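Architecture at a glance
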Amino acid sequence: MADNVTPRIRVPREASAGETITIKTLISHPMESGQRKDGDGNVIPRSIINRFTCDFNGQNVIDVTMEPAISTNPFLEFQAVVPEAGTFVFTWYDDDGDIYTEEKEIAVS
Amino acid sequence: GNWGKLAAQQMLSQDDLLDFDTYGNVSLIHVTDIHAQLKPIYFREPEVNLGVGRNKGAVPHITGADFRKAYGIDDGSPSHYALTYNDFSALAQGYGKMGGMDRVSTVVNSIRAARPDALLLDGGDTWHGSYTCYHTEGQDVVNVMNTLKPDAMTFHWEFTLGSGRVRDIVNDLPFAALGQNIFDSEWDEPSEDFAPYKFFERGGVKIAVIGQAFPYMPIANPGWMFPEYSFGIRDQRMQEMVNEVRAAGAELVVCLSHNGFDVDKAMAGRVTGIDVILAGHTHDALPEPVIVGDTIIIASGSNGKFVSRVDLDVRDGKMMGFRHKLIPIFSDVIEPDAEVTAVIDEQRAPFEAELSEVLGRTSDDTTLYRRGNFNGSWDDLICDALIEEREADIAMSPGVRWGPSILPGQDITREDLWNVTSMTYPNAYRTEMTGEFIHTIMEDVADNLFNEDPYYQQGGDMVRVGGMGYRIDINKPIGERVSNLTLLKTGESIDPSKTYVVAGWASVNEGTEGPPIWDVVENYIKREGTVSVAPNTSVDVVGA
Amino acid sequence: LAMGTAVAAAVPFKVFADVDADVAAFTEGAEIGEGGITLVAPEIAENGNTVPIEVDAPGAVAILVLATGNPTPAVGTFNFGPLAGAQMASTRIRLAGTQDVLAIAKMADGTFVQARQEVKVTIGGCGG
Ligand SMILES: [Mn+2]
Ligand SMILES: [Mn+2]
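Residues numbered from 1 in each chain as written. Chains lettered and ligands numbered in written order. Predicted model: local features only at pLDDT ≥ 70, side-chain atom pairs only at ≥ 80, totals over all residues. Heavy atoms only, no water.

**So, the packing of aromatic side chains**
Residue and element names in this part refer to chain B. Just so we agree on the cut-off: Note on aromatic contacts: the rings of Phe and Tyr and the six-membered ring of Trp form a pair at centre separations within 6.5 Å, being stacked when their planes are under 30 degrees apart, edge-to-face when over 60 apart, and tilted otherwise. A run of H or I in DSSP counts as a helix once it spans at least four residues, and a run of E counts as a strand once it spans at least two, with each numbered from the N terminus. Accessibility here uses a 1.4 Å probe with only protein chains present; expressed as a share of the type maximum, an area under 20% marks a residue as buried, one over 50% as exposed, and anything in between as partly exposed.
Taken as a whole, this structure holds 30 aromatic pairs over all chains when the rule is applied. Ring centres of Phe159 and Phe226 lie 5.7 Å apart, and the angle between their planes is 65°; on these two criteria the pair is classed as edge-to-face. Here Phe226 lies in the loop between helix 10 (217-220) and strand 9 (229-230) and Phe159 lies in the loop between strand 3 (152-153) and helix 9 (163-171), a separation of 67 residues in the sequence. The burial state of Phe159 is the same as that of Phe226; both residues are buried. For the ring pair Phe194 and Tyr229, a centre distance of 5.7 Å and an interplane angle of 75° mean the geometry is edge-to-face.

**Let's talk about the confidence of the model for chain C**
Where the model shows low pLDDT, its predicted coordinates should not be examined in detail. Rule in force here: As a per-residue measure, pLDDT reflects the predictor's confidence and takes values from 0 up to 100.
With 83% of its residues at a pLDDT of 70 or more, chain C has an overall mean of 88. Scored as a whole, the predicted complex attains pTM 0.94, and scored at its interfaces, ipTM 0.87.

**A short note on the sheet that holds strand 6 (residues 189-190) of chain B**
Residue and element names in this part refer to chain B. Test applied: Two strands pair if DSSP finds at least two bridges between them.
Taken in spatial order, the three strands make up an open sheet running 6-5-9, and their pairing is antiparallel. The open sheet has two free edges, formed respectively by strand 6 and strand 9, since each of these has just one partner strand. Pairing analysis gives two bridges linking strand 5 (residues 183-184) to strand 9, with the strands arranged antiparallel. Across the sheet, the residue bridging to Asp184 is Tyr229, located in strand 9.

**Description of empty space enclosed by the protein**
Residues and elements named next belong to chain B. Spelled out, the test is: Put simply, the grid is 1 Å and covers the protein atoms alone, a cavity is a trapped set of points that fit a 1.4 Å probe, a pocket is an open set with protein on both sides within 12 Å along at least five of seven lines, and lining residues have an atom within 4 Å of a point. Grid points are joined across faces, edges and corners, and a volume is the space filled by probe spheres set on the points. Gly is placed with the polar residues, together with every amino acid not listed as nonpolar (Ala, Val, Leu, Ile, Met, Phe, Trp, Tyr, Cys and Pro) or charged (Asp, Glu, Lys and Arg).
Under the definition given, this model contains six cavities of 30 Å³ or more. Put simply, the largest cavity is a space of about 170 Å³. His61, Asp262, Thr282, Arg401 and Gln457 are the residues nearest the centre of the largest cavity, which is lined by 21 residues in total. Broken down by secondary-structure element, the contributors of at least two residues to the lining of the largest cavity are helix 12 (261-270) and helix 17 (435-450). Take the lining of the largest cavity: its biggest share by element is three residues, from helix 12. Approximately 140 Å³ is the volume attributed to the second largest cavity. Of all elements in the fold, only helix 3 (64-71) and helix 4 (78-83) reach the threshold of two or more residues within the lining of the second largest cavity. Tallied by class, residues from the lining of the second largest cavity come to nine nonpolar, five polar and three charged.

**Details of the packing of helix 15 (residues 377-389) of chain B against helix 18 (residues 517-528) of chain B**
Residue and element names in this part refer to chain B. Basically, it comes down to this: Only the contacting stretch of a helix is used when fitting its axis, a line to C-alpha atoms as for every element, and angles between N-to-C directions run 0 to 180 degrees. Any angle that falls under 35 degrees is termed roughly parallel, while one over 145 is termed roughly antiparallel, one within 65 to 115 roughly perpendicular, and all others oblique. The contact rule is simple, with two residues in contact once any of their heavy atoms fall within 4.5 Å.
Between helix 15 and helix 18, the shortest axis-to-axis distance is 9 Å and the interhelical angle comes to 90°. Taken together, the axis directions place helix 15 and helix 18 in an arrangement best described as roughly perpendicular. The segment helix 15 lies against helix 18, with Leu381, Ile382, Asp384, Ala385, Leu386, Glu388 and Glu389 engaging Ile517, Val520, Val521, Asn523, Tyr524, Ile525 and Arg527. Partitioned by chemical class, the residues of the contact of helix 15 with helix 18 number nine nonpolar, one polar and four charged.

**So, the sheet that holds strand 25 (residues 530-531) of chain B**
Hydrogen bonds between backbone atoms are what pair the strands of a sheet, whose relative direction is either parallel or antiparallel. Residues and elements named next belong to chain B. The sheet built from three strands is open, its strands ordered 18-16-25 with mixed pairing. Since the sheet does not close on itself, it has two edges, and those belong to strand 18 (411-413) and strand 25, each with one partner. In terms of strand pairing, strand 16 (residues 358-362) meets strand 18 through three bridges, oriented antiparallel. Its bridge partner being in strand 18, Gly360 is matched across the sheet by Ile412.

Rendered as C-alpha cells:
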C-alpha cells in the first residue's frame with residue numbers, strides 16, 4: 001500500500017435544512033501514473049486512487065472515476081445538499097485494493 | 001554631446017523637481033521595482049521595447065527619439081537623460097546618478113509637507129537585487145523602507161527569499177502586505193498571510209487599496225521556493241474585491257499592481273470600478289498616465305529612479321480629476337534625507353570592504369546596461385563569461401529587467417556585479433541540449449514576451465544568448481517565430497538533432513548545480529582587467 | 001527560465017486518437033452540442049503537474065474530462081448523485097504540454113454538451 005495516505009476534509013460544522021454547501025477534500029497520495037521510468041529505465045508501476053465517493057445518510061452526492069492524469073495528492077471540490085442532520089462518508093479506492101474512509105458529521109440549525 | 005556637469009545641473013533644482021500645485025483632496029505616492037538599490041545608480045532605459053498586437057507602437061513600447069517626440073521632451077534635457085537611452089553615457093557625465101532611497105525620502109517628505117496624509121504605496125520587487133539584500137535576506141531594504149513609512153506593498157521577487165522568510169518579514173511589517181491573487185495552493189483559497197485590500201481614510205475620502213501580486217510567480221521564478229502559494233491574474237476575483245470595497249463605502253479604488261503594464265491595461269478593460277492602477281514589474285517610466293475607460297494607469301520606473309505623485313479630486317464617491325507628476329530622482333540635485341542616509345550606511349557598513357572591491361573596469365567604448373528586448377551589454381558580458389569559464393558552445397542568460405548600468409571607463413566593483421546578478425538561485429549550470437530543445441526554449445520565452453494576448457505576457461525580456469545568432473519574427477505564433485539558429489564560432493546552422501554544451505544561470509529547477517554566477521563573472525572580469533563588449537549583431541529582428 | 005533537468009514540451013501536442021475513442025465510449029456516438037457547460041482552466045498553467053480545473057453543467061448526470069494532448073487523455077468522470085448541490089466539481093490535473101482540455105456533460109435527458117479551453121504549459125519566463 002502507498003505510505004502515509006492521509007485524507008483531509010473541509011465541511012462546515014452546520015448548515016440550515018436544504019442548504020447547499022461546499023466540500024473540499026485532499027488525500028496525500030503519489031498518484032504514480034505508470035508512465036514514469038526509474039533510474040534504470042524500468043517503468044514504475046501505476047498506483048493511483050482510482051475512485052472517490054461521497055455519500056450522505058446513505059444517499060450519493062458524487063462518485064468520481066479518476067485516471068493517472070489526476071495530480072499528486074488528489075484534490076476535489078464539490079457541492080452537496082444537506083436535507084437534514086447526519087453524516088458524510090468519504091471513500092477513496094486505491095489501485096492496491098486499499099480503501100480509505102472518513103466521516104464528517106453536520107448539524108442542521 | 002559635451003554637457004559639462006555644472007551646466008547640465010544648472011538646468012535643475014530641487015525646487016523645480018518637486019514643484020507641484022497641490023490638487024484635490026487625496027495624494028498618492030508610488031514607488032516600485034526598487035530592486036534593493038538603496039544608493040544612487042546609473043540606469044539606461046531600453047532602446048528596444050517592442051509591443052505586439054494592439055500594443056504595437058503604443059506606450060510604453062516606444063523608445064528614444066520617438067518617445068521624446070511623443071511627450072515633447074527636448075534633446076539633451078534632463079527628461080531626455082532620465083527617460084530615453086540616446087547619448088546615455090555623455091548625458092550621464094553631466095546629469096549624474098539617479099535614485100537613492102535617501103533622496104526618495106526627501107521627495108516623500110516634501111509631498112507629505114504639502115499633504116500630510118498622502119499615501120505611500122510600494123509596488124514590490126523591493127527586497128531583491130543587491131549584495132547586501134542577498135546577505136541580509138532582505139533585511140537591509142526592509143529597514144530602510146520602514147523609515148519612509150509606506151502604507152502598503154505588494155510582491156514579486158520577494159518570494160524568492162523563500163516563503164518562510166517572506167512570512168517572517170511580513171509578520172513584523174508596520175504596513176499592509178497586499179495581494180488579492182495570492183492563494184493557498186493546497187486548498188485553493190485566498191491566503192490568510194496576505195490581505196486582498198486595505199481601507200484608508202485620507203482627506204475625508206474612504207480609499208481602498210487592492211493589492212495584485214505578480215501573477216506568474218511559479219513560472220518565472222522557482223515555485224519550489226514558495227510551494228504554499230498560487231497566484232494568477234484572477235481578474236474575476238479582482239472584480240469581486242472592487243465590488244466588495246465599493247459596497248463597503250470606498251469612494252476611491254486604487255489597485256497596487258505588479259501585473260506588468262500591458263496586463264494592467266488589459267485588466268483595466270475587463271474589471272470595472274478601479275480608479276487608479278499603480279503599475280509595476282515591466283519597469284516602464286511614463287511622464288503621463290495612460291487612460292483605459294475610467295481607469296488611469298501610472299508607471300513609475302524602477303531602481304529608485306522615479307517617484308510618481310498623483311493628486312486626486314474625489315467627491316461624492318467619484319474621481320473627478322487628477323494631477324500627476326513623474327518625479328525623476330536626480331541624486332546630485334535632490335538633497336538626501338540625512339536620517340535615511342544614516343540608516344542606509346548602517347546596513348552597508350558590515351559589507352563595505354566586499355562591496356567596494358574593484359574587479360576591473362569598462363573600456364572607453366563600453367557602457368554596461370541591461371534593458372532591451374533581445375540583449376544588453378551586461379548580459380553579453382555575462383554570456384561571454386559563461387562560455388569562457390564554463391567551456392560552453394552556447395550561453396543563456398535570463399531576460400530580467402533589473403540591474404543598473406556602468407559608464408565607459410568606470411571601475412566595476414563587486415557591488416556593481418551583484419546589482420545585476422544577485423538572486424537566491426544563482427547556480428551557473430553546464431548541460432547538454434539538442435538543437436531542437438534550444439529552439440523550443442527560444443520559442444517558449446519569445447511567446448512569453450510577444451504573445452498578442454497580454455494575459456500571456458510575463459513581463460520579462462527575451463532570453464539572452466551568447467555564442468549563437470538567430471532571426472525572430474515577433475508577429476508569428478509560437479513555434480514559428482525563431483529561425484536561422486547559427487553557432488557563431490563555426491558559422492554553421494544549429495542542427496536540431498545534434499547536442500550542444502549550454503551554460504546558463506537562474507534555472508527555476510530545484511537542485512541546479514554549478515558555481516554562483518557572480519563568481520563566474522568575477523573571475524572573468526578580473527582576468528580581463530578592462531572589459532569591452534562589442535555591439536551585439538547576432539539577433540535579426542523582423543516585424544518590429 | 002527553466003533549463004536543466006525538466007524537459008517540458010512547449011509547442012502544442014498533436015491530438016491523440018484515444019480522444020475520439022474516449023468520447024465515443026462516453027457518448028455512445030451521440031451528437032454533442034455547445035452551451036450549458038462551463039470549463040474553467042487557467043490560460044497559463046503555473047505548473048503543468050497540477051493545473052486547477054472546474055467543470056459546471058447544471059442538470060448534468062455526469063461530466064467527462066479529457067486532456068486532449070496527453071499520451072493518455074482520460075482524466076476522470078464526475079457522476080452526480082441525488083444529493084449533489086450543483087453539477088459542478090473542481091480538481092487538479094497533469095498536462096504534458098500546451099493543449100486543449102475538453103469537458104463533456106451528459107444531461108438528464110440523455111443529450112451531450114461540451115466545452116474546451118486551451119491551457120498553455122510553458123517552460124518559464126524571466127522576470128521584470
Ligand atoms: Mn517584477
Ligand atoms: Mn522588477
